[in-house]
Amino acid sequence: MSFERGTGIGGEPAPAPRMSGVPTTEPISPAMRLQILSTEHWSLLASRSLAWNESFSRAGMFLSTLTGAIVALALVAQASQFGDGFTLFALVILPIVLFIGVTTLIRLGASNYHEAMCVVGMNRIRAAYLELAPDLERYFVMSAHDDALGIGRTMGVQPGGRVSWIGQILAGTPTVVMILNSVLAGVIGAVASLRIGVAVSTALGVGALSFVLAMVLQGLYARGSIAKAQAGYRPLFPTPAADR
């Protein structure tokens, strides 16, 4: 008893015939396009919400750590009468708080970049919505353009050009964290100078120099990160000149 190849239970199925000239994909209907865009829109909304929550959590953790360190320093200062024990404790606890502040600033920058990319994606999806239904444009409050102006409108930057962007940056959480980090660096520099026995005026000068140096370094880091993000970005739906 023998089995022939291609017959019986154990036979291999014959290859399906190929139909030449027939497209492999069917055109997508407008309803299917709308469903895909809506799914991506909700995904970007959830991702942006997670970025906001992480930013607030990291900033809150840093502020809580800073508050606890200040309270601890006050208790040690009261117990040691601002003696050597106080300066030694300050030089131990404050660098740890500064480290948390620096890492918080880095993470806030990453979260802001993530949020900006989500805004870009949602603006492009709005542009696709308007391609499907152009008559609905007058109902849209947020922008459907993915250039700097369109991103600013969706993120709630008030009209006013560069002045509004500067105000938005100064009022942002990363700037607050940056200033607090610089103050910490200044305090560490001043306390370290007092620890080695320099004059009070010299210690104040070292603290001021440390503050300025920390601000410059953090500003250069933030500027470099923003420039790197902008260098590789090309808007697909720029704002028309009439809407500027």
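Residues numbered from 1 in each chain as written. Predicted model: local features only at pLDDT ≥ 70, side-chain atom pairs only at ≥ 80, totals over all residues. Heavy atoms only, no water.

Trainee: I'm lost on the overall build of the protein chain in this one. Help?
Mentor: If you tally the helices and strands in the protein chain, you get 6 helices and 0 strands. Going from N to C terminus, the protein chain has its helices and strands arranged as α-α-α-α-α-α. Within the protein chain, the fraction of its 244 residues that count as buried is 29%. Residue pairs in contact within the protein chain that sit at least 24 positions apart in sequence constitute 74% of those at least 6 positions apart. Accessible area for the protein chain stands at about 16400 Å²; split by element, carbon and sulfur atoms hold 68% of it. (Helix = DSSP H or I, 4+ residues; strand = E, 2+ residues; numbered from the N terminus. Buried < 20%, exposed > 50% of the residue type's maximum accessible area, 1.4 Å probe, protein only. Contact = heavy atoms within 4.5 Å. Areas by Shrake-Rupley, 256 points an atom, 1.4 Å probe, with all protein chains shown as cover.)

Trainee: Which parts of the structure should I look at to understand the packing of helix 2 (residues 84-132) against helix 5 (residues 173-195)?
Mentor: Two packed helices can be described by the angle between their axes and the distance between those axes. As a packed pair, helix 2 and helix 5 sit with axes 9 Å apart at the nearest point and diverge in direction by 155°. With respect to helix 5, the element helix 2 is oriented roughly antiparallel. Seen from above, helix 2 lies across helix 5 with left-handed handedness. A per-class count over the contact of helix 2 with helix 5 returns 18 nonpolar, 6 polar and 2 charged. (Axes fitted to C-alpha atoms, helices over the stretch in contact; angles between N-to-C directions. Parallel < 35°, antiparallel > 145°, perpendicular 65-115°, else oblique. Left-handed = near helix turned anticlockwise from the far one by under 90°. Nonpolar A, V, L, I, M, F, W, Y, C, P; charged D, E, K, R; others polar.)

Trainee: What is the right way to look at the pattern of salt bridges in this model?
Mentor: Any two side chains of opposite charge can pair, on the condition that their charged atoms come close. The final tally for this structure, using the stated rule, is 4 salt bridges. The shortest N-O distance in the salt bridge between arginine 107 and glutamate 54 comes to 2.6 Å. Residue arginine 107 is found in helix 2, and its partner glutamate 54 is found in helix 1 (residues 30-80); the two are separated by 53 residues along the sequence. According to the relative accessible area criterion, arginine 107 is partly exposed, its value standing at 34%. By relative accessible area, which is 27% here, glutamate 54 ends up partly exposed. (Salt bridge = Lys/Arg side-chain N within 4 Å of Asp/Glu carboxyl O.)

Trainee: In this structure, what is going on with the side chain of serine 47? I would like to understand it.
Mentor: You can see serine 47 is positioned in helix 1. By relative accessible area, which is 19% here, serine 47 ends up buried. For serine 47, the contacting residues outside a window of four places in its chain are His114 and Cys118.

Trainee: Got a minute to help me understand the packing of aromatic side chains in this structure?
Mentor: For any pair of aromatic rings, the description consists of the separation of the ring centres together with the inter-plane angle of the planes. Counted under the stated rule, the structure contains 2 aromatic pairs. Measuring from centroid to centroid gives 5.2 Å for phenylalanine 82 and phenylalanine 86, while their planes differ by 70°, and the two rings are edge-to-face. According to the relative accessible area criterion, phenylalanine 82 is exposed, its value standing at 60%. (Phe/Tyr/Trp six-rings, centres within 6.5 Å; stacked < 30°, edge-to-face > 60°.)

Trainee: I would appreciate a short explanation of helix 6 (residues 200-231) in the present structure.
Mentor: Given 3.6 residues per turn, any residue in an α-helix points the same way as the ones three and four places further on. Taking 1.5 Å per residue, 32 residues should reach 46 Å; helix 6 reaches 46 Å between its end C-alpha atoms and fits that length. Considered for burial, the residues of helix 6 that qualify are Ala203, Gly207, Ser210, Ala214 and Gln218. (Expected span 1.5 Å × (residues − 1).)

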